Amino acid sequence: MQDFQSVFSTTDGRLGAMMVSVPLAISMFASVLSGPAADWIGRRKYFFVATILKFVGSGIQILASSFEGMLLGRIVAGAAIGIFSMLIPLYQSEISLPEHRGRLITFFQLGVTLGFCAAFWIVYGTSRLPGHLSWKIPVYLQMVPPTMLICGLFGLPESPRWLVYKKRQPKKALAILTRLRSASPSSIEMEIQSIEQDYYYDTKFKSRKSYMHLLEKGTENNRRRTLLGIGIHMLTQLTGINVLLQVEFNGFYLPHILQSTGITEIDSELLGNGVSGMVNMLATIPVFGYIDKWDRRRILTCASLLMAVCMIAIAVLALYIETSKTSLISNDSASFGVLVLLCLFIACFALSWGPLGWIYPAEIYPQSIRAKAMGLTTASSYCFNVTISQIAPALFESISWGTYVVFGCSCLLIAWIVHAFYPETRGRSLEEIHLIFSNAILINERASAHHPSTAAEALEHLETLRYDMRSRFGEAIPQMQHQAFI
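These numbers come from a predicted model, not from an experiment.

**Here we look at the overall build of the protein chain**
So, step 1. A tally of regular secondary structure across the protein chain gives 20 helices and 0 strands.
So, step 2. Of all 486 residues assigned to the protein chain, the portion counted as buried reaches 50%.
So, step 3. Considering only residue pairs separated by 6 or more positions, the protein chain has 75% of its internal contacts joining residues 24 or more positions apart.
So, step 4. Carbon and sulfur atoms form 68% of the exposed surface of the protein chain, whose accessible area is close to 22600 Å².

**Re a nonpolar patch on the surface**
So, step 1. A cluster of nonpolar side chains, namely Leu129, Leu133, Ile137, Leu141, Val144 and Met148, defines an oily patch on the protein surface of about 490 Å² accessible area.
So, step 2. Taken together, the elements giving at least two residues each to the nonpolar patch come down to helix H6 (133-141) and helix H7 (144-153).
So, step 3. Counting residues per element, the nonpolar patch draws most heavily on H6, which supplies 3 residues.
So, step 4. Tracing the sequence through the fold places Leu133 in helix H6.
So, step 5. Classification of Leu133 as partly exposed rests on a relative accessible area of 45%.

**Thoughts on the packing of helix H4 (residues 67-95) against helix H17 (residues 370-399)**
So, step 1. Direction vectors running N to C along H4 and H17 enclose 135°, while the axes themselves pass 9 Å from each other. Compared by their axis directions, H4 and H17 come out oblique. When the axes of H4 and H17 are compared, the crossing they make is right-handed. Mapping the contact onto sequence places Ile81, Gly82, Ser85, Met86, Pro89, Leu90, Ser93 and Glu94 in H4 and Arg370, Ala371, Met374, Gly375, Thr378 and Tyr382 in H17.
So, step 2. Of the residues that constitute the contact of H4 with H17, the class distribution is 7 nonpolar, 5 polar and 2 charged.

**Section: helix H16 (residues 353-363)**
So, step 1. Judged by how many residues are buried, H16 sits mostly within the fold: 11 of 11 residues are covered.
So, step 2. Buried within H16 are the following residues: Trp353, Gly354, Pro355, Leu356, Gly357, Trp358, Ile359, Tyr360, Pro361, Ala362 and Glu363.

**Topic: the environment of Met148**
So, step 1. Examined against the element boundaries, Met148 turns out to sit in helix H7.
So, step 2. Judged by its relative accessible area of 60%, Met148 is exposed.
So, step 3. Between the C-alpha atoms of Met148 and Thr51, which are 97 residues apart in sequence, the distance is 10.0 Å.

**Brief notes about the packing of aromatic side chains**
So, step 1. Per the stated rule, a full pass over the model turns up 11 aromatic pairs.
So, step 2. Their ring planes at 70° and their centres at 5.3 Å tell us that Phe48 and Phe154 sit as a pair that is edge-to-face. Of the two residues, Phe48 is situated in helix H3 (residues 43-63) and Phe154 in the loop between H7 and helix H8 (160-167); the sequence distance between them amounts to 106 residues.
So, step 3. Classification of Phe154 as exposed rests on a relative accessible area of 59%.

**Topic: the side chain of Lys54**
So, step 1. Checked against the element boundaries, Lys54 lands in helix H3.
So, step 2. Dropping the residues within four chain positions of it, Lys54 is found in contact with Ala77, Ala80, Ile81, Gln142 and Pro146.

**A few points about H8**
So, step 1. Across the 8 residues of H8, 6 count as buried, placing the element largely inside the fold.
So, step 2. Along H8, the residues that are buried comprise Pro160, Arg161, Trp162, Leu163, Val164 and Tyr165.
So, step 3. Of the residues flanking the end of H8, it is Arg168, one or two places downstream, whose phi is positive at about 50°.

**Considering the pattern of salt bridges**
So, step 1. Scanning all chains against the criterion turns up 10 salt bridges.
So, step 2. One salt bridge in this structure joins Arg370 and Glu94, with 3.6 Å as the shortest N-O distance. With Arg370 in helix H17 and Glu94 in helix H4, this pair connects stretches of sequence that are 276 residues apart. Here Arg370 and Glu94 have matching classes, each one buried.
So, step 3. Here Arg101 ties to Glu363 by a salt bridge, and the two come within 2.9 Å at their closest N and O atoms.

**Focus: the packing of H16 against H17**
What describes two packed helices is the angle between their axes and the distance between those same axes.
So, step 1. It is the contact of H16 with H17, at a shortest axis distance of 9 Å, that shows an interaxial angle of 150°. Classed by the angle they form, the pair H16 and H17 counts as roughly antiparallel. Along this stretch, H16 crosses H17, giving a crossing that reads as right-handed. Residue-level contacts link Trp358, Pro361 and Ala362 of H16 to Arg370, Met374, Thr377 and Thr378 of H17.
So, step 2. Its residues assigned to classes, the contact of H16 with H17 shows 4 nonpolar, 2 polar and 1 charged.

**Considering the state of the cysteines**
So, step 1. Following the criterion strictly, the structure yields 0 disulfides and no others.
So, step 2. No disulfide involves Cys409; its sulfur sits 9.3 Å from the nearest other cysteine sulfur, which is in Cys411.
So, step 3. On the basis of relative accessible area, Cys409 is assigned to the partly exposed category, the value being 42%.

**Some words on the confidence of the model for the protein chain**
So, step 1. Scored by pLDDT, the protein chain comes out at a mean of 81, with 80% of its residues at no less than 70.
So, step 2. When pLDDT is averaged over each element of the protein chain, H3 comes out on top at 94 and helix H20 (residues 455-473) at the bottom at 52.
So, step 3. For residues 441-445, every residue scores under 50 in pLDDT, and the model assigns this stretch 7 contacts once sequence neighbours within four places are set aside.
So, step 4. pLDDT under 50 marks residues 447-459. Its contacts with residues more than four places away, or in other chains, come to 36 contacts.

**Side note on the nonpolar core**
So, step 1. If you look at the biggest cluster of nonpolar residues, it comprises 73 residues, and the most contacted ones within it are Leu87, Met307, Phe345, Trp353, Tyr404 and Tyr422.
So, step 2. Among all residues touching Leu87, those that are not within four sequence positions of it are Ala38, Arg43, Tyr46 and Phe47.

**Re the side chain of Glu158**
So, step 1. Locating Glu158 in the fold gives a position in the loop between H7 and H8.
So, step 2. Within the buried core, Glu158 has no salt-bridge partner, and the shortest N-O distance to an opposite charge, that of Arg43, equals 5.4 Å.
So, step 3. Engagement of the side chain of Glu158 in a polar contact is seen with the backbone nitrogen of Arg44, the distance being 3.3 Å.
So, step 4. With sequence-adjacent residues up to four places away left out, Glu158 is seen in contact with Gly42, Arg43, Arg44, Lys45, Tyr91, Leu163 and Ile176.

**Things to note about the environment of Ile230**
So, step 1. Among the secondary structure elements, Ile230 is positioned in helix H11 (residues 222-238).
So, step 2. Judged by relative accessible area, Ile230 falls into the partly exposed class, the value being 23%.
So, step 3. Separated by 151 residues in sequence, Ile230 and Ser381 have C-alpha atoms that sit 7.6 Å apart.
So, step 4. Not counting residues within four places of it along the chain, the set of residues in contact with Ile230 comprises Tyr365, Leu376, Thr377, Ser380 and Phe384.

Calculation rules
- Residues numbered from 1 in each chain as written.
- Predicted model: local features only at pLDDT ≥ 70, side-chain atom pairs only at ≥ 80, totals over all residues.
- Heavy atoms only, no water.
- Helix = DSSP H or I, 4+ residues; strand = E, 2+ residues; numbered from the N terminus.
- Buried < 20%, exposed > 50% of the residue type's maximum accessible area, 1.4 Å probe, protein only.
- Contact = heavy atoms within 4.5 Å.
- Areas by Shrake-Rupley, 256 points an atom, 1.4 Å probe, with all protein chains shown as cover.
- Patch = residues over 30% accessible without salt bridge, like charges linked within 9 Å, V, L, I, M, F, W, Y side chains within 5 Å.
- Salt bridge = Lys/Arg side-chain N within 4 Å of Asp/Glu carboxyl O.
- Axes fitted to C-alpha atoms, helices over the stretch in contact; angles between N-to-C directions.
- Parallel < 35°, antiparallel > 145°, perpendicular 65-115°, else oblique.
- Left-handed = near helix turned anticlockwise from the far one by under 90°.
- Nonpolar A, V, L, I, M, F, W, Y, C, P; charged D, E, K, R; others polar.
- Phe/Tyr/Trp six-rings, centres within 6.5 Å; stacked < 30°, edge-to-face > 60°.
- Disulfide = S-S within 2.5 Å.
- pLDDT = per-residue confidence, 0-100.
- Core = buried A, V, L, I, M, F, W, Y, C linked by side-chain atoms within 4.5 Å.
- Lys, Arg positive; Asp, Glu negative; His and termini not counted.
- Polar contact = N/O pair within 3.5 Å; in protein donor to acceptor, adjacent residues only side chain to side chain.

And the structure:
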């Protein structure tokens with residue numbers, strides 16, 4: 001939008017880079033600092049803080065008439081985005097049932113892709129409006145999501161796990177779980193007992209609550225959890241998804257194809273953003289059908305292999321275009337082949353790494369460090385995003401089509417890393433996952449197997465086993481003595 005560029009001087013490369021990179025850096029730091037803040041004031045109150053920051057940031061951008069004012073508004077809004085990107089998966093993981101956790105957190109990823117898609121098409125739709133309207137309308141519309149959110153937050157319950165750990169209010173946590181669950185009272189009681197047992201264990205055996213505790217090995221294997229959490233975000237960026245969305249898909253292939261049909265250069269770039277956002281958003285919807293039915297590792301591994309195939313195929317077509325010395329516009333078959341492969345790559349990512357990049361880190365940390373660890377891993381996502389985005393243009397300039405080979409090989413390596421180092425977490429409670437990372441010996445290692453988290457639940461399992469044995473063998477199995485388990 002030329003009016004926006006002239007008003008805020010973003011045609012200057014240095015200022016334009018600041019307008020993008022500084023808010024990203026603020027989002028990264030806000031994510032890191034959100035861990036202690038969410039533990040201190042609670043998940044629900046921190047949602048209010050982030051929403052107010054988004055209101056303030058959007059308001060400053062609406063009133064801005066200079067580069068400095070717009071940058072300040074984007075900085076405040078960037079802090080809110082950093083908080084939301086850490087806090088939402090954290091909260092969703094703490095209130096959900098194991099069998100619903102994947103789908104619930106997928107709503108976050110769907111919201112992200114829906115927001116990007118809507119923003120792209122709004123900008124495309126307003127780009128032809130005269131004067132300030134071309135950018136004022138998109139900025140004003142930023143006020144709509146926080147307005148809707150602030151209305152819903154008044155009905156949002158506090159995290160039951162936070163109430164047990166930080167406020168020692170198990171009765172209030174039980175009341176909230178009763179509202180959220182349709183299970184029997186005994187099942188809800190066992191869930192509360194499981195959370196309380198974790199709390200008492202942490203209180204007795206853990207003394208350090210600082211960030212250094214994330215790097216300690218100990219019996220909880222926090223170092224491994226932290227490395228896996230940061231690693232999932234690093235691997236997400238190494239797939240090359242943001243490189244394609246930001247550089248190739250919208251900066252080369254699709255705009256040139258659209259230009260060949262008579263669309264102007266600026267319109268082709270804006271329309272390219274809209275198409276890529278639409279593919280990303282629509283491909284996220286089918287995830288709800290299988291994310292809690294199929295193993296996390298299998299989804300990530302298979303998707304990485306498919307993405308590698310897409311990258312290698314794009315490299316072959318790019319090499320053909322380069323060696324045939326024909327322009328991309330005149331070589332319709334090759335250019336549209338690249339376009340289809342790029343769409344397939346984005347779809348494969350949206351069907352796997354997009355949602356699971358948020359789901360997996362939210363599952364693997366114990367309650368005592370979950371907020372701090374989520375803040376750190378979310379910050380790593382911003383960090384690796386900026387890093388890869390800076391490296392990729394240099395790769396395209398130096399080795400051209402070989403960049404696709406690099407990312408294709410990276411996807412193959414990622415598939416092996418996930419298969420070799422990432423344990424399965426699907427269908428297990430947060431307390432069960434705590435046992436897995438604590439090297440507890442589990443009788444049944446299948447992902448679908450359920451392991452008792454409390455003594456009461458273990459006793460119920462034993463009583464069920466006794467009943468099954470009596471039904472099968474017709475023998476009088478002695479009543480199990482409850483005192484032995486107390």
